[in-house]
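Report on the structure
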Amino acid sequence: LWSGTITRDFNHVLEIYRGIAYGIVDEISISLKQESKDRLVETIIINPEAYKAYLNARQYLGSLSKEGLDKAAEYLQVSIEHDPEYAPAYGGMSSVWAYRQQMGFASREEAVPKIETNLSTAFSLDSTLAESYYSKAVVEAWTHWNWMEAEVAFKKALSINPNLAEAHAFYSHLLMCLKRPVEMKMHMDQAIEIDPYNPLIQVLKGVELSMTEQSDKAIEHFKPLDKLAPNNTLVQVGLWMAYHVQGNKDKAFNKQKRILELVCRDNRVIKTLEDTYASEGYEAALSAAADSWTKRSGLEFVPPDYIYWMYGASGEVEKTLEWLKKGYEMHDSNMPYIAVLPIFSEIQDNPVYLNLLEKLNLPID
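Residues numbered from 1 in each chain as written. Predicted model: local features only at pLDDT ≥ 70, side-chain atom pairs only at ≥ 80, totals over all residues. Heavy atoms only, no water.

What follows concerns the overall build of the protein. Within the protein one finds 19 helices and zero strands. Here the protein has a C-alpha radius of gyration of 22 Å; the compact-globule value for 365 residues is 21 Å, and the two agree. Summarising its shape, the C-alpha atoms of the protein cover approximately 70 × 40 × 40 Å along the three principal directions. Looking at the protein as a whole, 53% of its 365 residues qualify as buried. (Helix = DSSP H or I, 4+ residues; strand = E, 2+ residues; numbered from the N terminus. Rg over C-alpha atoms; globule rule 2.2 N^0.38 Å. Buried < 20%, exposed > 50% of the residue type's maximum accessible area, 1.4 Å probe, protein only.)

Next up on the list: the pattern of salt bridges. Per the counting criterion, the structure on display carries 20 salt bridges. Two residues, Arg268 and Asp266, come together in a salt bridge whose shortest N-O distance is 3.0 Å. You can call Arg268 exposed: its relative accessible area is 53%. Between Glu322 and Lys326 there is a salt bridge, with its nearest N and O atoms 3.6 Å apart. Separated by four residues within a single helix, Glu322 and Lys326 lie in helix 18 (residues 317–329), roughly one turn from each other. Lys326 gets classed as partly exposed once you look at its relative accessible area, which sits at 29%. Overlapping salt bridges bring together Glu151, Lys155, Arg180 and Glu183 as one network. (Salt bridge = Lys/Arg side-chain N within 4 Å of Asp/Glu carboxyl O.)

Next up on the list: helix 12 (residues 215–228). Helix length check: helix 12, at 14 residues, gives a terminal C-alpha distance of 20 Å against a target of 20 Å (1.5 Å per residue), a fit within 8%. Of all the bends found along helix 12, the most pronounced is centred on Phe222 and spans about 35°, while Pro224, a proline, follows it within four residues. Of all the positions in helix 12, only Ser215, Ala218, Ile219, His221, Phe222 and Leu225 are classed as buried. Along its buried surface, helix 12 packs onto helix 11 (199–211) and helix 13 (233–246). (Expected span 1.5 Å × (residues − 1). Bend = angle between axes of the 7 residues up to and from the residue. Contact = heavy atoms within 4.5 Å.)

Once that is clear, we can look at the packing of helix 5 (residues 87–102) against helix 7 (residues 130–143). Close contact between helix 5 and helix 7 brings their axes to 9 Å; oriented N to C, the two are set at 25°. Accordingly, the angle class assigned to the pair helix 5 and helix 7 is roughly parallel. Once helix 5 is placed against helix 7, the crossing between them reads as left-handed. Of helix 7, the residues touching helix 5 (which contributes Gly91, Ser94, Ser95, Ala98, Tyr99, Gln101 and Gln102) are Tyr134, Ser135, Val138, Val139, Trp142 and Thr143. (Axes fitted to C-alpha atoms, helices over the stretch in contact; angles between N-to-C directions. Parallel < 35°, antiparallel > 145°, perpendicular 65-115°, else oblique. Left-handed = near helix turned anticlockwise from the far one by under 90°.)

Turning next to the packing of aromatic side chains. Enumeration over the complete set of coordinates arrives at 14 aromatic pairs. When the centroid spacing of 5.0 Å and the interplanar angle of 85° are considered together, the rings of Phe123 and Tyr133 count as edge-to-face. Placement of Phe123 in helix 6 (residues 108–125) and of Tyr133 in helix 7 is noted, with a sequence separation of 10 residues between them. A relative accessible area of 17% means that Tyr133 is categorised as buried. Consider the rings of Trp142 and Phe170, whose centres lie 5.8 Å apart with planes at 75°: the pair is edge-to-face. Taken together, the positions of Trp142 in helix 7 and Phe170 in helix 9 (residues 165–177) put the pair 28 residues apart, joining distant regions of the chain. As far as the burial class goes, Trp142 and Phe170 line up, both buried. Members of the aromatic cluster, connected to one another through ring pairs, are Tyr99, Tyr134, Trp142, Phe170 and Tyr337. Above the plane of the ring of Trp97 lies Arg100, whose end atom (NZ or CZ) is 4.5 Å from the centre. The ring of Trp323 has Lys326 sitting right over it, with the charged end atom 4.3 Å from the ring centre. (Phe/Tyr/Trp six-rings, centres within 6.5 Å; stacked < 30°, edge-to-face > 60°. Lys NZ or Arg CZ within 6 Å of the ring centre and 35° of its normal.)

What follows deals with the environment of Lys217. If you trace the backbone, Lys217 turns up in helix 12. Between the C-alpha atom of Lys217 and that of Tyr308, which follows or precedes it by 91 residues, the distance is 25 Å.

Here the focus is the side chain of Glu140. For Glu140, the location among the structural elements is in helix 7. Here Glu140 falls in the buried class, since its relative accessible area comes to 11%. Ignoring any residue separated from it by four or fewer positions in sequence, one finds Glu140 in contact with Trp145, Asn146, Glu149 and Ala150.

Another aspect to go through is unusual backbone geometry. What is expected of a backbone is that most residues other than glycine have negative phi and most peptide bonds are trans. A positive phi is found at Trp145, a non-glycine position, where the angle reads about 60°. Position of Trp145 relative to the elements: it lies in the loop between helix 7 and helix 8 (147–160). Here the phi dihedral of His331 falls at roughly 55°; this positive angle occurs in a residue that is not glycine. Relative to the helices and strands, His331 is located in the loop between helix 18 and helix 19 (351–359).

At a minimum axis distance of 9 Å, the contact between helix 14 (residues 249–263) and helix 15 (residues 267–280) shows a crossing angle of 165°. As summarised for this structure, helix 14 and helix 15 are arranged roughly antiparallel, according to the angle between their axes. Judged by the sense of rotation from one axis to the other, the crossing of helix 14 with helix 15 is left-handed. Contact residues: Lys249, Asp250, Phe253, Gln256, Lys257, Leu260 and Glu261 in helix 14; Val269, Ile270, Leu273, Glu274 and Tyr277 in helix 15. When the residues that make up the contact of helix 14 with helix 15 are grouped by side-chain class, the tally is six nonpolar, one polar and five charged. (Nonpolar A, V, L, I, M, F, W, Y, C, P; charged D, E, K, R; others polar.)

Quick look at the side chain of Thr233 now. Structurally, Thr233 is set in helix 13. On the accessibility criterion, Thr233 (0% relative accessible area) is buried. Excluding residues that lie within four positions of it along the chain, Thr233 makes contacts with Leu64, Met103, Phe105, Leu262, Val263 and Tyr306.

The structure is reproduced here in structure tokens:
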């Protein structure tokens, strides 16, 4: 099949994919469900420029860096300009804003209207796409904290396209937050088997290793990713947590400094971290940097997750709980992870923390 030559207009590229799929089905003598047959016989003509711009956007979207997300948004806008009715581009734009909120580059107030508008448009244009249900699942989980709705959407996406690797990976993260480790591992293993060279999936795998306290494995996993994507905030967060759990304070400090360089626009916070580390050590530096950054919260958006992470790792129990409560009030996208963060060892039995888990409908050990 692959040795053959296919000559078609690029507008019909999806039909080429379908033709190859049918050829493989015939060659290996398997039977398809009716739903799969129906999808394969559909005739979809696409705008080639819209499609190419969308594919470029997906590559940048996976970086989760500010620059990468900005570039993804640019490509998605190009895709929409070429074809205003191309549903995947709107689903992608919804994901851009969901990731901007989650990574601390945009506030909930700025992000949510754009998330909802673009996702609604994607479904109004085509409600049959696996990618749209995948985008919906991510939004339900990390934007709205609707675990049940998120799981339904993940399952729908994977029923339409079982090979949607990123849906497996993010579903795995949701299962981690819900403390269902067997299913978590199964879906992450599937994601990596389907798309082993996808940087986003490899990063999400590393984060799971860090959060499940497999520090040695996490560090080895992240080392090549750190060279490949030094501006990926999640790579730095995963390494910071792993080094912190190991007790390697020098390396944990260096990674925390890198995180602040990527997400904090105030150089004074980084200077406070450096100066306090030199004079008082690691835990004091985390606390002082968090104090410095919180002073900016009245003037600009300060992502609550980075603050409660720093306070939690510094051992500042009251300040950790204070910012966890703010994270809940601000509907912080990373609150789903608080049930599994290894840096919260000091508050595991604290009534305030347990009450937050209950309010979030997250499992309590």
